[in-house]
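# Summary of structural features
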Amino acid sequence: MEKITSFTINHDTLEVGMYISRIDDDIVTYDLRLVKPNNGYFLSTGSLHTIEHLFATYARNTKFSKNIVYVGPMGCRTGCYLLTRNMSHEDAISLVQDSFDFISKFEGEIPGTKKEECGNYLDHDLDKAKEDIKPFLKALQNYKVENLKYQD
Ligand SMILES: [Zn+2]
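All of the points below concern the structure found in this document. (Residues numbered from 1 in each chain as written. Predicted model: local features only at pLDDT ≥ 70, side-chain atom pairs only at ≥ 80, totals over all residues. Heavy atoms only, no water.)

## Concerning the environment of Asp132
As a reminder, the rule being used: Working definition: helices are DSSP H or I runs of at least four residues, strands are E runs of at least two. Numbering for both runs from the N terminus. Any residue under 20% of the maximum accessible area for its type is buried, any over 50% is exposed, and the rest in between are partly exposed; the area is computed with a 1.4 Å probe on protein chains only. Throughout, a residue-residue contact means that at least one pair of heavy atoms, one from each residue, lies within 4.5 Å. Whenever two N or O atoms come within 3.5 Å, that pair is a polar contact, provided that in protein one can donate a hydrogen and the other can accept it, and provided that, for residues adjacent in sequence, both atoms are side-chain atoms.
The residue Asp132 is located in helix α4 (residues 126-132) in this model. On the accessibility criterion, Asp132 (6% relative accessible area) is buried. Sequence separation between Asp132 and Val35 is 97 residues; the distance between their C-alpha atoms is 8.1 Å. Contacts of Asp132, omitting those with residues within four sequence positions, involve Leu34, Tyr41, Leu43 and Ser47. One polar contact links Asp132 to Tyr41, side chain to side chain, over a distance of 2.5 Å.

Below, the structure written as structure tokens:
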């Protein structure tokens, strides 16, 4: 089978940040890399799961709601994917900055964590999530469209 595009990027040189993973017609897939790959620390499933719930909830409650195609975690537990449609890269960067800022300040009940709302409702960790996103939030300060390109 052919190697899919996301396996062809060099994960050894990939740093924490936001990148364009691929563009398929009008759909843009962003790679939100929260931790450096293969560097000894990975998001726990609870942390990543909480980030997913809060990120998706926040993003879908903004004016860009209709532009969000998908928000989801990476199986390697080093980040998330964001798929958008008809949205500028500038707006995508702002949305991600705002979403993760929201997560960093979130208190209370995580949305969608009742038993009937989630497939593993006890597997959440808000404290860890807040801690885990700090390097990403820092990396995204003053982020520009040109920073979205993977570095070689
Ligand atoms: Zn869930």
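## Let's talk about the pattern of salt bridges
What counts is decided by this rule: Each salt bridge in this description consists of a side-chain nitrogen of Lys or Arg and a carboxyl oxygen of Asp or Glu lying within 4 Å of one another.
Going through the model one piece at a time under the given rule, you end up with 8 salt bridges. When the shortest N-O distance is used, the salt bridge between Lys105 and Asp101 registers 2.8 Å. With Lys105 and Asp101 both in helix α3 (residues 89-105), this residue pair falls 4 residues apart, about one helical turn. For Glu107, the salt bridge is made with Lys130, and the minimal N-O distance between the two is 3.7 Å. With Glu107 in the loop between α3 and α4 and Lys130 in helix α4, this residue pair connects regions lying 23 residues apart in the sequence. Exposure remark for Glu107: the relative accessible area of 63% places this residue in the exposed category. Residue class for Lys130 comes out buried when judged on its relative accessible area of 16%.

## Side note on the packing of aromatic side chains
The test is simple: Ring pairs are drawn from Phe, Tyr and Trp, using the six-membered ring of Trp, whenever the two centres fall within 6.5 Å, and their geometry is named by plane angle: stacked under 30 degrees, edge-to-face over 60, tilted for the rest.
Tallied over the full model, the rule gives 5 aromatic pairs. Both rings, one in Phe55 and one in Phe100, keep their centres 5.0 Å apart while their planes meet at 55 degrees; by these two values the pair is tilted. Remark: Phe100 occurs in helix α3 and Phe55 occurs in helix α2 (residues 45-59); sequence separation between them is 45 residues. Each member of the pair, Phe55 together with Phe100, is buried. Among the aromatic residues, ring-to-ring pairing joins Phe55, Phe100 and Phe136 into one connected group.

## Some points on the coordination of the zinc ion
Keep this limit in mind: Any nitrogen, oxygen or sulfur atom within 2.8 Å of a metal ion counts as a donor, with the limit raised to 3.2 Å for Na, K and Ca, and since water is left out, coordination shells can look unfinished.
Those donors, His49 (NE2), His53 (NE2) and Cys118 (SG), are the protein atoms that reach the zinc ion, and they lie 2.1 to 2.3 Å from it. Sequence spacing of the donor residues for the zinc ion, all on one chain, is H-x3-H-x64-C. Taken together, the positions of His53 in helix α2 and Cys118 in the loop between α3 and α4 put the pair 65 residues apart, joining distant regions of the chain. For the pair His53 and Cys118, one class covers both residues: buried.

## Overview of the sheet that holds strand β1 (residues 17-24)
Applied cut-off: When DSSP finds two or more bridges between two strands, those strands count as paired. Fitted lines through C-alpha atoms give the axes, limited to the stretch in contact for helices. The angle between two N-to-C directions lies from 0 to 180 degrees.
The 4 strands lie next to each other as β1-β2-β4-β3, forming an open sheet whose pairing is antiparallel. The outermost strands of the open sheet, each flanked by one partner alone, are β1 and β3 (68-73). Along the sheet, successive strands turn relative to each other by an average axial angle of 20 degrees, direction set aside. Two elements, strand β2 (residues 27-33) and strand β4 (residues 79-85), share 7 bridges in a ladder whose sense is antiparallel. Across the sheet, the residue bridging to Thr29 is Leu83, located in β4. Along the sheet face, α2 touches β2, β3 and β4 and points at about 165 degrees away from the line of β3.

## Some points on α2
Just so we agree on the cut-off: The span expected for a helix works out to 1.5 Å for each residue beyond the first.
Over its 15 residues, α2 extends 21 Å from the first C-alpha to the last, a length consistent with the 21 Å expected when each residue adds 1.5 Å. Here α2 lies mainly inside the structure; 11 of its 15 residues are buried. Within α2 the residues assigned to the buried category are Gly46, Ser47, Leu48, His49, Thr50, Ile51, His53, Leu54, Phe55, Ala56 and Ala59. Residues of α2 that are buried in the fold lie against β2, β3, β4, α3 and α4.

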